[in-house]
Amino acid sequence: MLSFSLSKSFTLGKGLPDLHSLSNSFSESISIRLNPPMTFNFRSRPFEIRAIDAAQPYDLEAHLRTQFKKSNALKIGIIGFGNFGQFLAKTFVKQGHTVLAHSRTNYVDVARKLGISFFHDPHDLCEEHPEVVLLCSSILSTKSVLKSLPFQRLRRNTLFVDVLSVKEFPRNLFLDILPAEFDILCTHPMFGPESGKHGWAGLPFVYDKVRIGNDEFRIARCGKFLDIFAREGCRMVEMTCAEHDRYAAESQFITHTMGRVLERFGLESTEINTKGYETLLNLVENTAGDSFDLYYGLFVYNKNAMEQLERLDMAFESIKKEIFGYMHRLYRRQLFEEEGGSGASKEKKVEQKLLHDGSAPDHPSETVSPNGAVPEPPSVKQKP
């Protein structure tokens, strides 16, 4: 006989009771008496799951995606964590790369917000053995920064990359200073925090594989770094450092020069801006945020810049001469037409013609007779 304190009774056969039939909740204790005599006491407890025997679904696609990201992730050490270094680091982190940073200025709070490890001492950063060391210093400080790095604390095949706006200068610097075992990749993202704030799609990224080892790992590492920019939609352009500097002097240096000239000129927006004028205002905005050190570096460390500056000066002087010459001719024509109409003078002075060397003819002027004939010059007696 089975008895309960709640006046409920059940008759069981031989053996243990079916516990599933006792699944109702009771606030009282339950006593079970069996024949032969056996007593079980059950006290109600909240229902809880202790284990799941059924196999859980396995997301193979997600697993493969995670493994792919890990296999393509790089450990990148950024030397010079200023405005441009932070700009690049955001994309590196977004793509799943591990980023380390060092700078003379303390950017530890900025780095923490971006999920980046910041090191005050370059020795500590190098001891983390980054696969890629990215120099984001200014052009003027690149040499001193490079010489200050403890190369002996890095792996012997570390990849060094620069992002300077000139290319032959860092190329020669890397070849002279870096150990021969290190790989060298010279790059120039031809955009910045202002021009690339809405994305990098379609923006040019120039690179030159100056020295990359022949083994599979080093080739793949270089490809992974370049793929960072390719994945963002950059227009990848491979060319030599010398070619880059020649083209950059004609484009980037002139762009910065005109932007600074218009900034000094005091260009301001108006209520009737044309699209062309808006383009000039955007040019000033894009170049005004860059330091003068950058502009100075573009001039000093690109041997083609002086030629472009001289050409620009000659072009400006040529335009001035053209417009002033046209105004002068127009003014003279109007002036002499008025004199001829009033009858004040029946004779007109013939405009002096400059010789090829810029000097004036010997005779200061000639007069024209009313019939249009030029009088004979006075005869000069020959000395015996």
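It should be noted that the structure appears before, not after, this text.
Now for a quick tour of the structure. Values in this document were obtained by computation on a predicted structure and should not be read as measured data. (Residues numbered from 1 in each chain as written. Predicted model: local features only at pLDDT ≥ 70, side-chain atom pairs only at ≥ 80, totals over all residues. Heavy atoms only, no water.)

Section: the layout of surface pockets
- The computed volume of the largest pocket comes to approximately 1400 Å³.
- Listing elements by their share of the lining of the largest pocket, those giving two or more residues are helix H2 (83-94), helix H5 (142-148), strand S10 (183-189), helix H8 (241-265), helix H9 (275-288) and helix H10 (292-300).
- Across the lining of the largest pocket, the residue classes break down as 18 nonpolar, 24 polar and 5 charged. (1 Å grid on protein atoms, 1.4 Å probe; cavity = no way out; pocket = protein on both sides within 12 Å on 5 of 7 lines; lining within 4 Å. Points joined across faces, edges and corners; volume = space filled by probe spheres on them. Helix = DSSP H or I, 4+ residues; strand = E, 2+ residues; numbered from the N terminus. Nonpolar A, V, L, I, M, F, W, Y, C, P; charged D, E, K, R; others polar.)

Remarks on the nonpolar core
- With 32 residues, the main nonpolar core has Ile76, Ile78, Leu88, Phe92, Leu134, Phe225 and Phe229 as its most contacted residues.
- The set of elements that each furnish at least two residues to this core consists of strand S5 (75-79), H2, strand S6 (98-102), strand S8 (132-135), strand S9 (159-162), strand S11 (204-211) and helix H7 (216-231).
- Tallying contributions element by element places H7 first for this core, with 5 residues.
- Sequence-distant contacts of Leu88, defined by excluding residues within four places in its chain, comprise Leu134, Cys136, Val163, Trp200 and Phe229. (Core = buried A, V, L, I, M, F, W, Y, C linked by side-chain atoms within 4.5 Å. Buried < 20%, exposed > 50% of the residue type's maximum accessible area, 1.4 Å probe, protein only. Contact = heavy atoms within 4.5 Å.)

Topic: the sheet that holds S10
- Judged by pairing direction, the sheet is mixed, and its 8 strands sit side by side in the order S7-S6-S5-S8-S9-S10-S11-S12 without closing on themselves. The open sheet has two edge strands, strand S7 (117-119) and strand S12 (235-238), and neither has a second partner. Sheet twist, expressed as the mean angle between neighbouring strand axes with direction ignored, is 25 degrees.
- Two elements, S10 and S11, share 5 bridges in a ladder whose sense is antiparallel. The partner of Thr187 across the bridge, within S11, is Tyr207. (Pairing = 2+ DSSP bridges. Axes fitted to C-alpha atoms, helices over the stretch in contact; angles between N-to-C directions.)

Concerning the packing of H8 against H10
- Where H8 contacts H10, the axes come no closer than 10 Å and their chain directions differ by 135 degrees. The pairing of H8 with H10 is recorded here as oblique in orientation. Judged by the sense of rotation from one axis to the other, the crossing of H8 with H10 is left-handed. Every residue of H10 that contacts H8 at Gln252, Phe253, His256, Thr257 and Arg260 is listed here: Phe292, Leu294, Tyr295, Leu298 and Phe299. (Parallel < 35°, antiparallel > 145°, perpendicular 65-115°, else oblique. Left-handed = near helix turned anticlockwise from the far one by under 90°.)

Re the packing of aromatic side chains
- In this structure the tally under the stated criterion is 20 aromatic pairs.
- On the numbers, 5.6 Å between centres and 50 degrees between planes, the contact of Phe87 with Trp200 is tilted. Within this pair, whereas Phe87 is found in helix H2, its partner Trp200 is found in the loop between S10 and S11, the two being separated by 113 residues in sequence.
- Taken together, the ring pairs in this structure connect Phe84, Phe87, Phe92, Phe191, Trp200, Phe205, Tyr207, Phe225 and Phe229 into an aromatic cluster.
- The residue whose ring lies beneath Arg246 is Tyr247, and the NZ or CZ to ring-centre distance is 5.3 Å. (Phe/Tyr/Trp six-rings, centres within 6.5 Å; stacked < 30°, edge-to-face > 60°. Lys NZ or Arg CZ within 6 Å of the ring centre and 35° of its normal.)

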